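Listed below, chain by chain, are the residues.
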Amino acid sequence: MNSGGKGKFKEIGNHLVFIFAAAFLTILFTQDFLFTFAPLKELELKLIDNRFSARGKIDIADSADVVIVEIDQESLNQLPPPYNKAPLQRFIYGKVIDNLNEAGAAAIGIDVIMSSEDYNNPASDSLFRASILKRHNVVLASKIDEAKELMIEESSYAVTDTSYKKHFYNFENVFFDVDSSIGIVQSQSDYDFVFRRYLPFRYTAITGGRIPSFGFAMLNKIDGLKNTLTAESSDGFFNLGDRKIPKFDNTSVMINFYGPSRTFKYVKLIDLLDDSTFKTKDEIELEEEINVWDELKNDPAYQKLFKNKVVLIGSTMPEDRDLIPISFAKGEHKGDNLIYGVEYHANIIQNILDDDYLYKQSKESEIIFILIITAVIFYAGSLIRKIKIRMNVLIELINLFFAAALLYGIYLVSIQLFINSKLVTAIVGPSLAVVFGYITATAYHFIKERQQNVMIKGMFSQYVSRAVVNELITNPDKLKLGGEKKSLSILFSDITGFTTFAEKKKPEELVSFINEFLNEMSDIIIANEGTLDKYLGDAVMAFWGAPLKVDDHAYKACATALQMQEKLAQMREKWLTKGEQPIHIRIGINSGDVIVGNIGGEKRFDYTVLGDDVNLASRLEGANKEYGSNIMIGDSTYQIVKDKVLVRELDVIRVKGKTEPTKVYELISLTGDQKAATAIEEMHEYFQGLELYRLKSFEAAHDYFKRCFEKFNDHPSRVYMHRCEYYLANPPAIEWDGVFELKTK
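Keep in mind that this is a model prediction, so the values were computed, not measured.

A. Seen up close, the overall build of the chain. The number of helices and strands found in the chain is 26 helices and 26 strands. Summarising its shape, the C-alpha atoms of the chain cover approximately 155 × 55 × 45 Å along the three principal directions. Considering only residue pairs separated by 6 or more positions, the chain has 71% of its internal contacts joining residues 24 or more positions apart. Within the structure as shown, the chain displays about 36900 Å² of accessible surface, and the carbon and sulfur contribution to it stands at 54%. Within the chain, one finds 86 positive and 102 negative side-chain charges whose respective centroids are separated by 7 Å.

B. Fine view of the layout of surface pockets. Taken as a whole, the second largest pocket holds about 1000 Å³ of empty space. In terms of lining, the second largest pocket is formed by 38 residues, of which the most central are Lys41, Phe248, Asp249, Lys360 and Lys363. Broken down by secondary-structure element, the contributors of at least two residues to the lining of the second largest pocket are helix H1 (3-30), helix H2 (38-55), strand S16 (359-360), helix H14 (363-385) and helix H16 (428-460). No other element matches H2, which puts six residues into the lining of the second largest pocket. In terms of residue class, the lining of the second largest pocket is made up of 13 nonpolar, 12 polar and 13 charged.

C. Structural view of unusual backbone geometry. In this chain, Pro81 is followed by Pro82 through a cis amide linkage whose omega measures 5°. Its location among the elements puts Pro82 in the loop between helix H3 (73-78) and helix H4 (90-102). A cis amide bond links Ala86 to the next residue, Pro87, at an omega of 0°. Residue position: Pro87 is located in the loop between H3 and H4.

D. Spotlight on a nonpolar patch on the surface. On the surface, Phe9, Ile12, Leu16, Phe20 and Tyr379 cluster together into a nonpolar patch covering about 470 Å² of accessible area. By the element assignment, Leu16 lies in helix H1.

E. Examining the packing of helix H19 (residues 507-527) against helix H20 (residues 553-577) more closely. One way to put it is that H19 packs onto H20 with a least axis distance of 9 Å and a crossing angle of 150°. Where H19 crosses over H20, the handedness of that crossing is right-handed. Facing H19, whose interface residues are Phe513, Glu516, Phe517, Glu520, Met521, Ile524 and Ile525, H20 presents Thr560, Gln563, Met564, Lys567, Leu568, Met571, Lys574 and Trp575. Among the residues making up the contact of H19 with H20, the classes are represented as nine nonpolar, two polar and four charged.

F. Spatial organisation of the sheet that holds strand S8 (residues 232-234). Spatially, the three strands line up as an open sheet ordered S8-S9-S10, and their pairing is antiparallel. Two strands close off the open sheet at either side, each with one partner strand: S8 and strand S10 (243-246). Neighbouring strand axes in the sheet, compared pairwise and without regard to direction, differ in orientation by 30° on average. When S8 meets strand S9 (residues 237-240), the two strands line up antiparallel, connected through three bridges. From the neighbouring strand, Ser233 faces S9, where its bridge partner is Phe238.

Reading the values: the criteria
- Within each chain, residue numbers correspond to sequence positions counted from 1 in written order.
- pLDDT decides what is reported in this predicted model: residues at 70 or higher carry local features, side-chain atom pairs at 80 or more are listed and counted, and totals for whole chains, interfaces and linings draw on all residues regardless.
- Working from all heavy atoms in the structure, the side-chain values ignore hydrogens and water.
- Helix and strand labels come from DSSP, where a helix needs a run of H or I of at least four residues and a strand needs a run of E of at least two; each type is numbered from the N terminus.
- Contacts are assigned to residue pairs with any non-hydrogen atoms lying within 4.5 Å of each other.
- We get accessible surface area from the Shrake-Rupley algorithm with a probe of 1.4 Å; when it comes to residues, only the shown protein chains can shield them.
- We score Asp and Glu as negative and Lys and Arg as positive, and we do not count His or the chain ends.
- We put the charge of a Lys on NZ, of an Arg on CZ, of an Asp on CG and of a Glu on CD.
- The pocket and cavity definitions rest on a 1 Å grid over protein atoms only: a 1.4 Å probe that fits but cannot leave marks a cavity, an open set with protein on both sides within 12 Å along at least five of seven lines marks a pocket, and residues lining either have an atom within 4 Å of a point.
- Grid points are joined across faces, edges and corners, and a volume is the space filled by probe spheres set on the points.
- Each residue is assigned to one of three groups, with Ala, Val, Leu, Ile, Met, Phe, Trp, Tyr, Cys and Pro labelled nonpolar, Asp, Glu, Lys and Arg labelled charged, and all others, Gly among them, labelled polar.
- Residues form patches when they are more than 30% accessible in relative terms and have no salt bridge. Like charges link within 9 Å. Nonpolar side chains (Val, Leu, Ile, Met, Phe, Trp, Tyr) link within 5 Å.
- Take a side-chain nitrogen of Lys or Arg and a carboxyl oxygen of Asp or Glu: if they are within 4 Å of each other, that pair is a salt bridge.
- Only the stretch in contact is used when a helix axis is fitted, and all axes are lines through C-alpha atoms; the angle between N-to-C directions ranges over 0 to 180 degrees.
- Handedness of a crossing follows from how the near helix is turned relative to the far one, being left-handed for an anticlockwise turn of less than a right angle and right-handed for a clockwise one.
- The pairing criterion for strands is at least two bridges between them, as found by DSSP.

In structure tokens:
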């Protein structure tokens, strides 16, 4: 696999590390695997309440299978003495049971704890027992002694009190032995003390068995099941007879509340008592029969109210404090989510009768969704950060807006799923995934940017100007390290006769000398926006047009070469005053399409250039020896800068290793240099000789070259003199094209 492919896999691997880290933190804080983070747990629960508010109240008063008979203050006031005191005498409940059964009630539940017998009126208890036994359709409220249970569970406490022995334990209801139809009314609140769930049964350590909860005991009566039958737990459901009730967690069902308090139909207890056999306080005082129940039971519309219905009897009097907070609130003021305990049971019974359940998203799907949402926010953040604008803060604002939109989208989708599909999906987990995903994406981008900046500084700070480094740091996309084809200009320089020069120097002197020379040359290259590729002993290689684009790369390369020669002339003067041997340099420049990028092994590579045009630039530097020139440029460079530089055409050559010839020029100066322009004009004999040379008029050409050499001591003219002499003695072939073949590099 190539390094590019490995780099891509490494980047993907880094992405996955950050994504899984964010997802892991989210799961750790939201899934209760190792601990429960209460604030997030409570927030998730509050968001369930918000969904009830968004859905709104469901009007079921006229269609519900459950009717509530309330023991209210008005009913208590209408009871004649001595019955108008709480707790109510049991024969009153018995009379209500009889009247409800007469009206066709399917099952009756009394949500009132009767923990002791009425010793003052034993006949009242007997009448109550008789009413229960008439139809066997009554469920009584019961409780578990939680203090006793806790002692048994947390210690080696043994039940020795005979009142708590298995056969005598009545779950705080003295009428347990009448029909054994009891249901535990205690339920369990959530972390925020709000009651949202319903327990199908309770386990009691005292008797070593399970007891159905009040609502599920009512279902036993409705479905004709055994009184003490409890729901069996299976994968995702509680099974009670033929009913499959979806779990919210391992121990409970989520109640689908239909609305706030008094969403169900309420009937006053006194209205079911007031018949021809019972006198109310008003009837006694007015000495007039009212008999509300006798009138109501003969009303066809009212007959439907209890026919085949589930009737729950419970207190709504403030002093009984049977009010519990639930998920549904009126939204009018704080604390208006309170509901009477009897209506709490009514909601779960109606849910089950109508198969109107709330379903909870599985933990597996929630975890998968957390992983997906983390990846989405991570990659979205990374993509957004690739947008290149001047104001980086705007990029972060876009990222924050996207994250906020995603959070709001999660919330809206959860509400729609709740309303339309009755599915309770997690909001806090995915939302926290968005937050952690954003944070990790930001952290990853910061770390990557820092690493990139360090890499860019390390790679280019010694080879390009600080402005170029800063531009690459600001816009790293302008840097393609994997290799790309670009049009560049390449410069090679070398010291003439360096080997001989070096032999006369001590090692430390040579190093000091070379460092001083290279430092000056490098500064000139960098100042002209060049990229210093490498030092090859005393040689220097540089190029223009990468890593950043340089529009006038050929011109800058030429200007750099001229400045290098000028600076070297100044250095020679200084060295001469110190008795140092003067040195000269040769420079070759060529332009063309080359491959630029990181080239080398996986652990050691350089940002450099490759290609024929790079090789030609190197050959041109060496070709200066043939003509005695200082700076030689290729035809491709000349064509780009011909209006900006002053040159002298040297030759058409074919360098070693190439088949195509190229025209080469000696770079003399930049346009505007009048002295250089005049000097070129004065060398007209050279140009006339060159024209005649290519026409094979070697004798005439020799004459012009000789005059130019004698006038200016011009080395290229002497080279051509020797060639003319050779061709006069050895005439070239007819197909001779004037191309000179360089035999050496």
